[in-house]
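Examination of the molecular architecture
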Amino acid sequence: MDICKTYENASKCSANSKLMECFMVLSTQAQKISIATLCGLFGTLCIFENSVVLYLIFSSPGTRRKPSYIFISSLALADLLASIIFVGSFVNFHVFNETDSSKELFLLKLGGVNTSFTASLSSLLLTAVDRYVSISRPSEYKLLVTRKRAWAALGVLWAMCVTTASLPILGWNCCTLNSTCSELFPFVDDNYLSSWVCLVMVLLGCIVYAYTHVLWRAHQHVAYMGKHQAQVGKQNTRMRMDVMLAKTLVMVLTVLVLCWSPVLTLMIYSIFAKLTNHLRKVFAFCSVLCLLNSMVNPIIYALRSKELFSSLRAVFFRVKRRLRGTDDSPEADSAHKSSVVETVCEDEVRGADHEAS
């Protein structure tokens, strides 16, 4: 274990396989089975859910043209990549104890995980900004948030994430710089980890701010509609949507805080203090919470959408009809019509927002 003690001075970086053994903190078979089970379960569900979301969005002309669903598709793609790359590399490293990777290959895998999780959070931010604009400036929404601007924003987002994640393999690592190494990740420079944590904290802060504003505006709508009962039908519909929106946003913020706080707290702690083996094991298990977040995102952001849920029902009834060999399905037609109606109603709701504001 001498190499582990001298690792912070980056003096043993050439001994890659032995060095990486210092980070394989799962010491018992029960711990390895637990990690493998959690990763297998969450990863499989995550891949399935996000694949379904991407299919539903891009199979429908109505959804794939909308900026809000373009952002959700970016979120689904990032979470899909996160589940594949994270589960593969994490299980191989901690469960099967693969140590034959070179430093460059390890940093490449870590960069893939970094890119996908950062892109997931950045897509959450774009989704939050989209909803912020839709409720704060509903009359200008279609002019401000266009498809071209949505794709441009995603291009900048993914370029930023790839660039940030590539910095260690391009030279910002403790072996190349002969600097202080992280106690959580092999070859990773402490300053790089600090910078990445700051980036994630900024993203989370912006998401919380945007959704807090949306919740406040939703509360304003409820108060406004309570005072103006003339348009009873329209007001009650709007009020129900505000309550549903509030519930969704509370779920969003709760899931974000629960899934990311433990990992970020331990990362910050590792920068300023020595970690015990017990804390490093805790970090390994807490890392799976980020995968859980990627699994829950499609349920919160996509499948709670009436439009996508109606499309899912239509797909389900089409498959059911083919299996039974029947020609028509009233349920599928109804689900398809519901999806079309939801697309039209969304514009009417933004008009109601403008009247209320």
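Residues numbered from 1 in each chain as written. Predicted model: local features only at pLDDT ≥ 70, side-chain atom pairs only at ≥ 80, totals over all residues. Heavy atoms only, no water.

**Describing a nonpolar patch on the surface**
On the surface, Leu-105, Leu-108, Ile-169 and Leu-170 cluster together into a nonpolar patch covering about 390 Å² of accessible area. Elements with a minimum of two residues in the nonpolar patch: α6 (103-136) and α8 (147-170). Assignment of secondary structure puts Leu-108 in helix α6. (Patch = residues over 30% accessible without salt bridge, like charges linked within 9 Å, V, L, I, M, F, W, Y side chains within 5 Å. Areas by Shrake-Rupley, 256 points an atom, 1.4 Å probe, with all protein chains shown as cover. Salt bridge = Lys/Arg side-chain N within 4 Å of Asp/Glu carboxyl O. Helix = DSSP H or I, 4+ residues; strand = E, 2+ residues; numbered from the N terminus.)

**What about the environment of Arg-280?**
Within the fold, Arg-280 resides in helix α12 (residues 277-302). For Arg-280, a relative accessible area of 15% corresponds to the buried category. Separated by 256 residues in the primary sequence, Arg-280 and Met-24 place their C-alpha atoms 9.3 Å from one another. Apart from residues no more than four positions distant in its own chain, Arg-280 is found in contact with Cys-22, Phe-23, Val-25, Glu-183, Leu-184 and Leu-275. (Buried < 20%, exposed > 50% of the residue type's maximum accessible area, 1.4 Å probe, protein only. Contact = heavy atoms within 4.5 Å.)

**Concerning the packing of aromatic side chains**
Across all of its chains, the model carries nine aromatic pairs by this definition. Ring centres of Phe-86 and Phe-90 lie 4.7 Å apart, and the angle between their planes is 15 degrees; on these two criteria the pair is classed as stacked. Placement of the pair is Phe-86 and Phe-90 together in helix α5 (residues 67-94), with a separation of four residues, close to one helical turn. Between the aromatic rings of Tyr-132 and Tyr-209, the centroid separation amounts to 6.4 Å while the plane-to-plane angle is 35 degrees, which identifies the pairing as tilted. With a gap of 77 residues between them, Tyr-132 in helix α6 and Tyr-209 in helix α10 (residues 190-227) connect regions that are remote in the sequence. Residue classification places Tyr-132 among the partly exposed positions, given a relative accessible area of 26%. Owing to a relative accessible area of 55%, Tyr-209 belongs among the exposed residues under this scheme. Through pairs of rings, three or more aromatic residues link up here, namely Phe-86, Phe-90, Phe-117 and Trp-260. In this structure, Arg-280 is placed above the aromatic ring of Phe-23, and the distance from its NZ or CZ to the ring centre is 5.3 Å. (Phe/Tyr/Trp six-rings, centres within 6.5 Å; stacked < 30°, edge-to-face > 60°. Lys NZ or Arg CZ within 6 Å of the ring centre and 35° of its normal.)

Nothing here speaks to function; it is all geometry.
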